[in-house]
Amino acid sequence: MKYIVFILLSALFFSFSKKDKLIDELSKQLDDWHFAAANADFDNYFNVLSDDFIFLGTAPGERWTKAEFKTFSKPYFDAGKAWDFTSTHKKFTILKENKFVVFEEDLTTWMKGCRGSGIFAKEKGKWVLVYYNLTVLIENEKIDAFIELREN
């Protein structure tokens, strides 16, 4: 009986260990992605993205495919001044037998507090970012002033 309990506990520990390792790996990959933008490293920034990547920006109408986002971003990277986002908190959820991972992260940016959310997918044995949504955070008690600002 002791051996069965030991085997079950070992399997459970191994399972959590693999999950933690994956989350650590993806957290670092996300930090490296932001670091590449902060350092205007175009290739390392875009190499993390899948071919069918979608980026939703903060402004109305900002929905870009990878190719469109590269075209939009290239002048910023070429000038050596892309954007500098620092993740202050992340939460990951592993889905579909470790084939997809959704995440959200709180960000410090030039726009002040923002939130990013996205999806990693495993393609050909490699984790790639397939979707990212950047939003500016607005406190509920400030929403009326925000709406008025947008209408003017």
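Everything quoted here is computed from the prediction, not taken from an experiment.

Colleague: What is the right way to look at the nonpolar core in this model?
Modeller: Residues Tyr45, Leu129 and Tyr132 are the most contacted members of the largest nonpolar core, which totals 31 residues. Among the elements of the structure, helix H1 (2–38), helix H2 (42–46), strand E1 (49–56), helix H3 (66–78), strand E4 (100–109), strand E5 (112–123) and strand E6 (126–136) are those that each provide at least two residues to this core. Residue contributions to this core peak at seven residues, all from H1. Those residues in contact with Leu129 that sit more than four places away from it in its chain are Trp33, Val48, Leu49, Ser50, Phe53, Phe103, Ile119 and Phe120.

Colleague: Teacher, can you tell me more about a nonpolar patch on the surface here?
Modeller: A cluster of nonpolar side chains, Val136, Ile138, Ile143 and Ile147, forms an exposed patch at the surface whose accessible area comes to about 270 Å². Along the chain, Ile143 falls in helix H4 (residues 143–151).

Colleague: Teacher, can you tell me more about the pairing of E4 here?
Modeller: Consecutive side chains of a regular strand alternate in pointing toward one face of the sheet and then the other. Across the two faces of E4 the burial differs, with Val101, Phe103, Glu105, Leu107 and Thr109 buried and Phe100, Val102, Glu104, Asp106 and Thr108 not buried at all. As paired elements, strand E3 (residues 86–95) and E4 share nine bridges and run antiparallel to each other. Bridge pairing in E4 links Leu95 to Phe100. The turn joining E3 and E4, which pair antiparallel and follow one another in sequence, is formed by four residues; a positive phi near 50 degrees is taken by Lys96. In this structure, E4 lies alongside E5, joined through ten bridges in antiparallel fashion. Of the residues in E5, the one forming a bridge with Phe103 is Gly118.

Colleague: Mind showing me how you'd approach the side chain of Gln29 here?
Modeller: Here Gln29 is to be found in helix H1. Assessed through its relative accessible area of 17%, Gln29 is described here as buried. Each residue touching Gln29, except ones within four places of it in the same chain, is listed here: Val48, Phe120, Trp127 and Val128.

Colleague: Hey, could you run me through the layout of surface pockets in this one?
Modeller: Where empty space is left in the structure can be found by rolling a water-sized probe over the atoms. Computed from the structure, the largest pocket encloses a volume of approximately 300 Å³. Around the largest pocket sit 16 residues that line it, and Glu62, Phe72, Trp83, Trp110 and Met111 are the ones nearest its centre. Ranked by residues supplied to the lining of the largest pocket, first place goes to H3 with three residues. Considering only residue class, the lining of the largest pocket consists of twelve nonpolar, two polar and two charged. Size it by volume and the second largest pocket reaches roughly 210 Å³. Looking at the lining of the second largest pocket element by element, the count peaks at six residues for H1. When grouped by side-chain class, the residues that make up the lining of the second largest pocket number three nonpolar, two polar and five charged.

Cut-offs used in this document
- Residues numbered from 1 in each chain as written.
- Predicted model: local features only at pLDDT ≥ 70, side-chain atom pairs only at ≥ 80, totals over all residues.
- Heavy atoms only, no water.
- Core = buried A, V, L, I, M, F, W, Y, C linked by side-chain atoms within 4.5 Å.
- Buried < 20%, exposed > 50% of the residue type's maximum accessible area, 1.4 Å probe, protein only.
- Helix = DSSP H or I, 4+ residues; strand = E, 2+ residues; numbered from the N terminus.
- Contact = heavy atoms within 4.5 Å.
- Patch = residues over 30% accessible without salt bridge, like charges linked within 9 Å, V, L, I, M, F, W, Y side chains within 5 Å.
- Areas by Shrake-Rupley, 256 points an atom, 1.4 Å probe, with all protein chains shown as cover.
- Salt bridge = Lys/Arg side-chain N within 4 Å of Asp/Glu carboxyl O.
- Pairing = 2+ DSSP bridges.
- 1 Å grid on protein atoms, 1.4 Å probe; cavity = no way out; pocket = protein on both sides within 12 Å on 5 of 7 lines; lining within 4 Å.
- Points joined across faces, edges and corners; volume = space filled by probe spheres on them.
- Nonpolar A, V, L, I, M, F, W, Y, C, P; charged D, E, K, R; others polar.

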